[in-house]
Amino acid sequence: MDTREILAATPLFADALDAGQLRTLATETRPAFFRAETRLMNQGDFGGSMFVIVEGEVAVSFTDEREREQRVAI
């Protein structure tokens, strides 16, 4: 699957962009590979990227007021 096909199979993009917009977005997109347990961002960081997970999974968590990690999604 190429980048445009991955984006077209992702509901967030497929539902909002036409074929030309998907092609344009695909040209601005680059693959990234991460090792297991890599932290992609920290709580409170300003997000400057979006990720489409093609293989594997990502855990989303935050630290609550008691300093406990709370997992909210996989």
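See above for the structure.
Report follows, based on the coordinates. (Residues numbered from 1 in each chain as written. Predicted model: local features only at pLDDT ≥ 70, side-chain atom pairs only at ≥ 80, totals over all residues. Heavy atoms only, no water.)

1. What about the overall build of the protein?
Line of reasoning, step 1. Looking only at helices and strands, the protein has 3 helices and 2 strands in total.
Line of reasoning, step 2. For 74 residues, the compact-globule formula gives about 11 Å, and the C-alpha radius of gyration of the protein, at 15 Å, lies well above that figure.
Line of reasoning, step 3. Expressed along its principal axes, the backbone C-alpha trace of the protein runs to roughly 50 × 25 × 20 Å.
Line of reasoning, step 4. In the protein, which comprises 74 residues, the share counted as buried stands at 8%.
Line of reasoning, step 5. Within the protein, contacts between residues separated by at least 24 positions form 16% of all contacts whose residues are at least 6 apart in sequence.
Line of reasoning, step 6. By element, 50% of the accessible surface of the protein is carried by carbon and sulfur atoms, the whole surface being about 6,700 Å².
Line of reasoning, step 7. Taken as two groups, the 8 positive and 13 negative side-chain charges of the protein have centres that lie 3 Å from each other. (Helix = DSSP H or I, 4+ residues; strand = E, 2+ residues; numbered from the N terminus. Rg over C-alpha atoms; globule rule 2.2 N^0.38 Å. Buried < 20%, exposed > 50% of the residue type's maximum accessible area, 1.4 Å probe, protein only. Contact = heavy atoms within 4.5 Å. Areas by Shrake-Rupley, 256 points an atom, 1.4 Å probe, with all protein chains shown as cover. Lys, Arg positive; Asp, Glu negative; His and termini not counted. Charge placed at Lys NZ, Arg CZ, Asp CG, Glu CD.)

2. Things to note about the packing of aromatic side chains
Line of reasoning, step 1. One pass over the structure, following the stated rule, counts 1 aromatic pair.
Line of reasoning, step 2. Centroid distance Phe34 to Phe51: 6.0 Å. Interplanar angle 70 degrees. Geometry classified as edge-to-face. Taken together, the residues span a long stretch of sequence, with Phe34 in the loop between helix 3 (19-27) and strand 1 (60-63) and Phe51 in the loop between helix 3 and strand 1 at a distance of 17 residues.
Line of reasoning, step 3. A relative accessible area of 45% places Phe34 in the partly exposed class. (Phe/Tyr/Trp six-rings, centres within 6.5 Å; stacked < 30°, edge-to-face > 60°.)

3. Points about the environment of Glu67
Line of reasoning, step 1. Relative to the assigned elements, Glu67 resides in the loop between strand 1 and strand 2 (69-73).
Line of reasoning, step 2. Between the alpha carbons of Glu67 and Arg4 there is a distance of 41 Å; along the sequence they are 63 residues apart.

4. Observations regarding unusual backbone geometry
Line of reasoning, step 1. Even without being glycine, Glu37 reaches a positive phi, approximately 75 degrees.
Line of reasoning, step 2. Note on placement: Glu37 falls in the loop between helix 3 and strand 1.
Line of reasoning, step 3. Judged by relative accessible area, which is 80%, Glu37 ranks as exposed.
Line of reasoning, step 4. A positive phi is found at Glu67, a non-glycine position, where the angle reads about 65 degrees.

5. Looking at the pairing of strand 2
Line of reasoning, step 1. With 0 of 5 residues buried, strand 2 is to be regarded as a mostly surface element.
Line of reasoning, step 2. Taken together, strand 1 and the strand that follows it, strand 2, pair antiparallel across an intervening segment of 5 residues, in which Glu67 is found at a positive phi of about 65 degrees. (Pairing = 2+ DSSP bridges.)

6. Considering the side chain of Asp64
Line of reasoning, step 1. Relative to the assigned elements, Asp64 resides in the loop between strand 1 and strand 2.
Line of reasoning, step 2. Residue Asp64 is classed as buried on the basis of its relative accessible area, which comes to 8%.
Line of reasoning, step 3. For Asp64, the side chain forms a polar contact with the main-chain nitrogen of Arg66, separated by 2.9 Å. (Polar contact = N/O pair within 3.5 Å; in protein donor to acceptor, adjacent residues only side chain to side chain.)

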